[in-house]
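Analysis of the macromolecular model
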Amino acid sequence: MFENLSDRLQNVMHKIKGYGRITEENISEMMREIRLSLLEADVNYKVVKEFTNKVKEKALGMDVNSKLSPGEEFVKIVRDELTELLGGDHAELETKSNPTILMLVGLQGSGKTTACGKLANYLRKKKNKKPLMVACDIYRPAAIDQLKQLGKELNIEVYSEGKKEPLEIVNNALSYAKENKFDYILIDTAGRLQIDDKLMEELKNIEDNVKLNEVLLVIDSMMGQDAINVINGFNDRLNLTGVILTKLDGDTRGGVALSVRHLTNLPIKFVGVSEKMDGLQEFYPDRMANRILGMGDILSIVEKVQDEIDEKEAEKTAKKMMKGNFDLEDFLDQLKQIKKLGPLENIIKMLPGAKKMGLNNVEIDPKRMSHIEAIILSMTPEERHNPDILKASRKQRIAKGSGTSVQEVNQLLKQFEDMKKMMKLMGSGKMKLPF
Ligand SMILES: Nc1nc2c(ncn2[C@@H]2O[C@H](COP(=O)(O)OP(=O)(O)OP(=O)(O)O)[C@@H](O)[C@H]2O)c(=O)[nH]1
Ligand SMILES: [Mg+2]
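Predicted, not measured: the structure shown is a model, and the values here were computed from it. Along each chain, residue indices are assigned from 1 in the same order as the chain's sequence is written. Here chains are named by letter from A upward and ligands by number from 1 upward, in the order in which they appear as written. Only residues with pLDDT of at least 70 get local features here, since the model is predicted, and only at 80 or more are side-chain atom pairs given and counted; chain-wide, interface and lining totals rely on the full set of residues. Side-chain descriptors were evaluated using all non-hydrogen atoms of the structure, hydrogens and water having been removed beforehand.

So, the overall build of the chain
Within the chain, the secondary structure is distributed over 19 helices and eight strands. Looking at the chain as a whole, 48% of its 435 residues qualify as buried. Two residues form a contact once any of their heavy atoms are found within 4.5 Å. Counting contacts in the chain only where the partners sit at least 6 residues apart, residues at least 24 apart contribute 73% of the total. Per-residue and other accessible areas were derived by the Shrake-Rupley procedure at a 1.4 Å probe size, with only the shown protein chains allowed to occlude residues. Counting every atom, the chain has about 22,500 Å² of accessible surface; 50% of that belongs to carbon and sulfur. We count a stretch as a helix when DSSP gives it H or I for four or more residues in a row; a strand needs E for two or more, and each element gets its number in order from the N terminus. Only protein chains enter the area calculation, which uses a 1.4 Å probe; residues under 20% of their type maximum are buried, those over 50% are exposed, and those in between are partly exposed.

So, in structure tokens, the structure goes:
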């Protein structure tokens, strides 16, 4: 995500942290580098100018009595301003009325239908709501089927009436939703250009006649500067309430993400980070700023872990670990939990300083994970509980059974022992955690 921008800004931040003294001269030099990184990321020049002016102004009036070093203080200023630029506070999705009605609009192929499925999935899974998806793309032949397919995959109901007038479909869907106690209505609309009067009128007509709670513009983050014209075009005709920025997992430079709030005053509410139905994240400006600056996004990791990992199980394991009676069976359970988080590389990338430690491109061999699993599964319960009994012949049997080698079995046992020792030490309070 925003690799280039992130790289360049992190280099500047790294450099400046080392400065014992901040002079007007080195501020100017840093500002030049920040300006270039932002321009290269396709951030609108007006936004860049205001951003750098603000940072510079704050840096010149920096608190010299601060506990932080001048370099650190400067980094903090950049982080705070970047957070502001990305929208400041997190913008929640509207929940006022029941049902809450959301309409997704945007250019063709921007990701509306996908976002509709993802949002429905998010509302049900994270907010415990009952969403109804409404098919209002009456122009593209396969559009209704696409939404129905997503509905089937997610087991979320789709309301459709074929090629009727969209306003009529919405009104009927609304009655249906009230009767059947749905909490959210998500309207998927056809892609259109902001300059297509006839199609824009169709959306306006829905907006004028239905009490919409949110009109969300879905924008492909790979778009260049032109995205702002699109956003303004839609915003002039409709009362947009926010933006969903899609395809952040792609090769996007970051320009739209960093320009949209400043130029349109619309908050980014969600970002799309994969094609899959769980690839939608709430947008938090501060976390994104931290991530761009390589300060890590611990909060998002914690949330992800909380979503996927059974808390009671985790607590039980932690207690066992600290006491030192953690066995290979528990280790196997842990592996399974970790696997639920998806590719570990993605998690590692969110850690603070991952880049500097060379961890951002780390590849975790999924084969190694499955070998470990296979090795443990080839042990008897007794062996898992008490690996000390594993002598040469048993190890050979396990290696054969798991399709690995004795060397790999030994490696796993050693890692396990090391981990156990460390855990025991932590549990005894003899070792201090580094935070
Ligand atoms: N990688 C990635 N792909 C996405 C994301 N969101 C959507 N896509 C892909 O983008 C393509 C277009 O998505 P749709 O949801 O069909 O777009 P749409 O806006 O509904 O398109 P129209 O209905 O034709 O206007 C599909 O191949 C999606 O899988 C995302 O966040 N990341
Ligand atoms: Mg669509």
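After presenting the structure, the write-up continues.
Re the packing of aromatic side chains
Given two aromatic rings, one states the distance between the centres and the angle between the planes to describe the pair. Any Phe, Tyr or Trp ring, taking Trp's six-membered ring, that has another such ring centre within 6.5 Å forms a pair; planes under 30 degrees apart are called stacked, those over 60 apart edge-to-face, and the others tilted. Enumeration over the complete set of coordinates arrives at four aromatic pairs. Geometrically, the ring pair formed by Phe 331 and Phe 416 is tilted, given 5.6 Å between the ring centres and 55° between the ring planes. In this pair, Phe 331 is assigned in helix α14 (residues 328–340) and Phe 416 in helix α19 (residues 406–427), connecting sequence segments 85 residues apart. Of note, Lys 130 hangs over the ring of Phe 182, and the distance from its end group to the ring centre comes to 4.3 Å. In this structure, Arg 287 packs its charged tip against the face of Tyr 284, placed 3.8 Å from the ring centre. In this analysis the charged atom, NZ for Lys or CZ for Arg, is taken to sit over a ring once it is within 6 Å of the ring centre and within 35 degrees of the ring normal.

Some details on the packing of helix α3 (residues 45–60) against helix α4 (residues 70–85)
Packing of α3 against α4 leaves a shortest axis separation of 10 Å and a crossing angle of 145°. In the packing of α3 onto α4, the handedness of the crossing is right-handed. In this structure, α3 uses Val 47, Phe 51, Lys 54, Val 55, Lys 58 and Ala 59 to contact α4, whose residues at the interface are Phe 74, Ile 77, Val 78, Glu 81, Leu 82 and Leu 85. For the contact of α3 with α4, the class distribution of residues is nine nonpolar, no polar and three charged. Every axis in this analysis is a line fitted to C-alpha atoms, fitted for helices over the stretch in contact. Angles between the N-to-C directions lie between 0 and 180 degrees. Two helices crossing with the near one rotated counterclockwise from the far one by less than a right angle form a left-handed crossing, whereas a clockwise rotation gives a right-handed crossing. Under the grouping applied here, Gly and all other residues not named as nonpolar or charged are polar, the nonpolar ones being Ala, Val, Leu, Ile, Met, Phe, Trp, Tyr, Cys and Pro and the charged ones Asp, Glu, Lys and Arg.

Description of the site of ligand 1
Near residues are defined by distance, with any heavy atom within 4 Å of the molecule or strand qualifying the residue. Near ligand 1, the surroundings consist of 19 residues, among which Gly 111, Lys 112, Thr 113, Thr 114 and Asp 249 are the closest. What qualifies as a polar contact is a pair of N or O atoms within 3.5 Å, subject to a donor-acceptor requirement within protein and to the restriction that residues adjacent in sequence count only when both atoms come from side chains. Gly 111 is positioned such that a nitrogen or oxygen atom in its backbone is 2.8 Å from an oxygen atom of ligand 1. Coverage of ligand 1 by the protein chains reaches 80% of its 650 Å² of free accessible surface. Residue contributions to the shell around ligand 1 peak at four residues, all from helix α5 (residues 112–127). Of the residues belonging to the shell around ligand 1, the class tally is two nonpolar, 10 polar and seven charged.

Thoughts on the nonpolar core
Among the nonpolar cores identified, the biggest contains 76 residues, and Ile 34, Phe 234 and Leu 258 are the most heavily contacted of them. Where a domain begins and ends is set by an automatic assignment or by a domain database. Shared between two domains, this core takes at least three residues from each, and those domains are domain 1 (3–85) and domain 2 (100–295). If we skip the residues at most four places from it in the chain, Phe 234 touches Val 105, Gly 106, Leu 107, Arg 192, Gln 194, Met 200, Leu 203, Leu 217 and Leu 240. Core analysis: the next-biggest nonpolar cluster, separate from the first, contains 25 residues, Leu 93, Leu 104, Leu 150 and Phe 270 among them. Put simply, buried Ala, Val, Leu, Ile, Met, Phe, Trp, Tyr and Cys residues joined by side-chain atoms within 4.5 Å make one nonpolar core.

Examining the pairing of strand β6 (residues 242–246)
If a strand is regular, its side chains alternate between the two faces of the sheet. When you tally the buried positions in β6, you get five out of five residues, the bulk of the element. Taking every second residue as pointing to the same face, both faces of β6 are buried, with Gly 242, Ile 244 and Thr 246 on one and Val 243 and Leu 245 on the other. Bridging between strand β5 (residues 214–220) and β6 involves five bridges; their strand directions are parallel. Residue Asp 220 lies in a different strand from β6, and its bridge partner there is Thr 246. Between any two strands, at least two bridges found by DSSP are needed for them to pair.

Brief notes about unusual backbone geometry
Residue Lys 247 is not a glycine yet carries a positive backbone phi of 60°. Of note, Asn 265 is a non-glycine position whose phi angle comes to about 65°, a positive value.

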